[in-house]
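# Report on the structure
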Amino acid sequence: MKLSPLFSNGMVLLREKEQKLFGQTAPNSNVTINFLSQTYHTFSDTSGNFTITLPKMSAGGPYEMSIIGDEIITIQDIYFGDVYLLSGQSNMVLPISRTLNKNKINWQANSLIRSNNADEIHRVNEKFIRYFTVPKQYQFDTPADDLEEGIWLSVTPETILPMSAVGYHFAKEIHDRYDIPIGLIEAAVGGAPIEAFISEETLRQFGRYDSIIKQNKQKEYVDSVINADNDRMQHWYQALDNIDLGLKQQEWYQPEYQEEGFTSRVVPELFRDNTIGAIRGSFWFRKTFTMEEDYLGEDAILYLGSIIDSDQAYLNGKLIGRTEYQYPPRCYPIPAGLLKNGVNALVVRVISSTHDGGFVPDKPYGIRYGSKFIDLSGNWQFRIGATCETLQSQSFFNYMPTSLYQGMIYPLRNYAIKGVLFYQGESNDSHPEWYEELFRAMIKDWRTLFDNQSLPFLYVQLANFGDHKRFNTGTNWAYLREAQRHILNVPNTAMAVTLDIGEYNDLHPQNKQAVGKRLALAARAILYEEDITYQGPIISDYNFILIEDRPYLELFFSSAENGLLIMGDQIQTLEFSTDGLTWEVAKASIDDNKLLISVTTKWPQFVRYAFANNPEGANLYNTEGLPASSFLLSLQATS
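Here is a short report on the structure shown in this document. What you are looking at is a predicted structure, and each value in this text was computed from that prediction instead of being measured.

All right, on to the overall build of the protein chain then. Of regular secondary structure, the protein chain possesses 10 helices and 38 strands. Along the three orthogonal principal directions, the C-alpha set of the protein chain runs to about 80 × 80 × 55 Å. Here the protein chain displays about 27500 Å² of accessible surface, and carbon together with sulfur accounts for 47% of that area. Of the side chains in the protein chain, 54 bear a positive and 77 a negative charge, and the two mean positions are spaced by 2 Å.

This part takes up the sheet that holds strand β21 (residues 342-352). Taken together, six strands build an open sheet; the order of strands is β14-β25-β15-β21-β18-β19 and the sheet is antiparallel. At either margin of the open sheet sits one strand with a lone partner, and together these are β14 (263-267) and β19 (318-323). If you compare each strand with its neighbour and ignore which way they point, the axes differ by 30° on average. As judged from the seven bridges shared by strand β15 (residues 280-291) and strand β25 (residues 378-388), these two strands associate in the antiparallel manner. Bridge pairing links F283 to I384 in β25. Here helix α6 (residues 219-243) sits on the sheet in contact with β15, β21 and β25, set at roughly 115° to β25.

With that out of the way, let us pick up the packing of helix α8 (residues 435-449) against helix α9 (residues 476-486). Running from amino to carboxyl end, α8 crosses α9 at an angle of 40°, the nearest separation of the two axes being 8 Å. Considering only the axes of α8 and α9, their crossing is right-handed. In this structure, α8 contributes Y435, E436 and R440 to the contact, and α9 contributes L480, A483, Q484 and H486. Looking at the contact of α8 with α9 residue by residue, the classes come out as three nonpolar, two polar and two charged.

It is worth spelling out the packing of aromatic side chains at this point. Under the counting rule described, the total for this entry stands at 45 aromatic pairs. Geometrically, the ring pair formed by F132 and W152 is tilted, given 5.6 Å between the ring centres and 55° between the ring planes. Of this pair, F132 sits in strand β11 (residues 126-133) while W152 is found in strand β12 (residues 152-155), placing the two residues 20 residues apart along the sequence. Residues F132 and W152 agree in their burial class; the two are buried. Their ring planes at 45° and their centres at 5.4 Å tell us that Y138 and F140 sit as a pair that is tilted. Looking at Y138, the relative accessible area reads 31%, which means it is partly exposed.

Rules used in this analysis
Residues numbered from 1 in each chain as written. Predicted model: local features only at pLDDT ≥ 70, side-chain atom pairs only at ≥ 80, totals over all residues. Heavy atoms only, no water. Helix = DSSP H or I, 4+ residues; strand = E, 2+ residues; numbered from the N terminus. Areas by Shrake-Rupley, 256 points an atom, 1.4 Å probe, with all protein chains shown as cover. Lys, Arg positive; Asp, Glu negative; His and termini not counted. Charge placed at Lys NZ, Arg CZ, Asp CG, Glu CD. Pairing = 2+ DSSP bridges. Axes fitted to C-alpha atoms, helices over the stretch in contact; angles between N-to-C directions. Contact = heavy atoms within 4.5 Å. Left-handed = near helix turned anticlockwise from the far one by under 90°. Nonpolar A, V, L, I, M, F, W, Y, C, P; charged D, E, K, R; others polar. Phe/Tyr/Trp six-rings, centres within 6.5 Å; stacked < 30°, edge-to-face > 60°. Buried < 20%, exposed > 50% of the residue type's maximum accessible area, 1.4 Å probe, protein only.

Purely geometric numbers; function is a separate question.
Following this line, the structure appears as structure tokens:
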């Protein structure tokens, strides 16, 4: 006899909603559930499948349930409460462990800044918050009927670190406010575009995905690509190691190695800023530093910011950490006894395989021990170990159209949920013009799948990102935010604006506590029917007026019923244009929930706010302190 892994010890079932419990047993046999002094009966079909519907239950627990078929399965520690599906890409996946230290250094205190909630995390014991992580599996031929594995975990210091940071902070806000159990089901994959979360039937309506859907249904093709990728990557790295001078006798990571042929180079730096940007291969960086006599062997961590594409870090000749891709912050624990008083040697082997390599600026590079931080940025000794051709990117089949809908979302269809939290969009920035129709299609898909046409969707608008001071980062993210804004006219949706918490040098901003709290505000209004302002100001309309014969443009905002607020003397990043090509900085004053813009030339045809990948200085809020969404408005029609 078998049940879905979702139905297991510690599960949270949705309160005030009938719940289907399904599984497999012997064909054409009697199945009985004993639960809360009630008995429920059904029969399995000719394939052994059975479904029993449990009645609506109020919040509470813990309970125990017995399912009796050709054997007996007992499920313990069951609670009824509110269940949310978490989905999207890496910013939804990003675990608590990645948010415990901010990526800034307090130079005056000479220490790494600790996040506000780090101490709370290490003491957490939330037995009424449970989470279930859906295995990251893709499927092409037909949708997976069920999950292969998975367990429910309550939130403790031992289980919280791999948990979605957004999910945890959202759940804590809701649980603390309403005192009900919260269940989170995480079905998210880093890097996944939105089309991976949409059904085949729906995607075929667009036409552009038909050929790839057909191709991926051929298992032989998928297997051949995976095998070819693995062989190519293994050969590339083996070839690099074979020719890398730094791995020959005597290895360059040995502390006693004499630095022949090395030159001085500053860390951190991005290689694309200099002549080595176009080179693919291995790059060796060496630095010696002195531990003062007050070092008493305390626990220590090496921070190496973020490195493109991958790295291996050696301290005094010992490998202490390696990371195979660019995004995770490098926080390598230093084994006890390896650091020593006096001179120590740190060596970092950087591998640039597919991108311009480098050390990401404005992140911590140094060693923390106790309350002290040894800054290791500045001059290092540098030498190229080997050069190679660019490594062709790997094919990620869990990014392909329909893959995650069929492998991770469809198997959840009979598990009752209260709402969806969705944080995604970064991987669709190459075609932001497609995003709105795809997002609308996905919402419709999921509402049909879960048999709930009003299923709430609470989603996160893309944060600010990109080094706009040194590079032209473009406006693709701005156009994608615009598509996300337009989704607000779909009933039962809300958007958490995050234009004020992004980090120019990190695709994964660390302040997930603010994201969780803003999604919780939306839930309080949309799902729990509180009369509150729950999101930042949203452009809603405009009007041309004359005041004392002077022309003005009025911009009206929703979610600003108590008024707008400009953080500073004058609004920033607000512009208007007569042709959509040349933009003029606009000045504006606030009139309750309106912006009043003085028009100094002929009537503008377009107005935009914070319309850049990283709109530095965007400072329009409502009086509740929530940032306004960016927008691009054609003044020939309402938004």
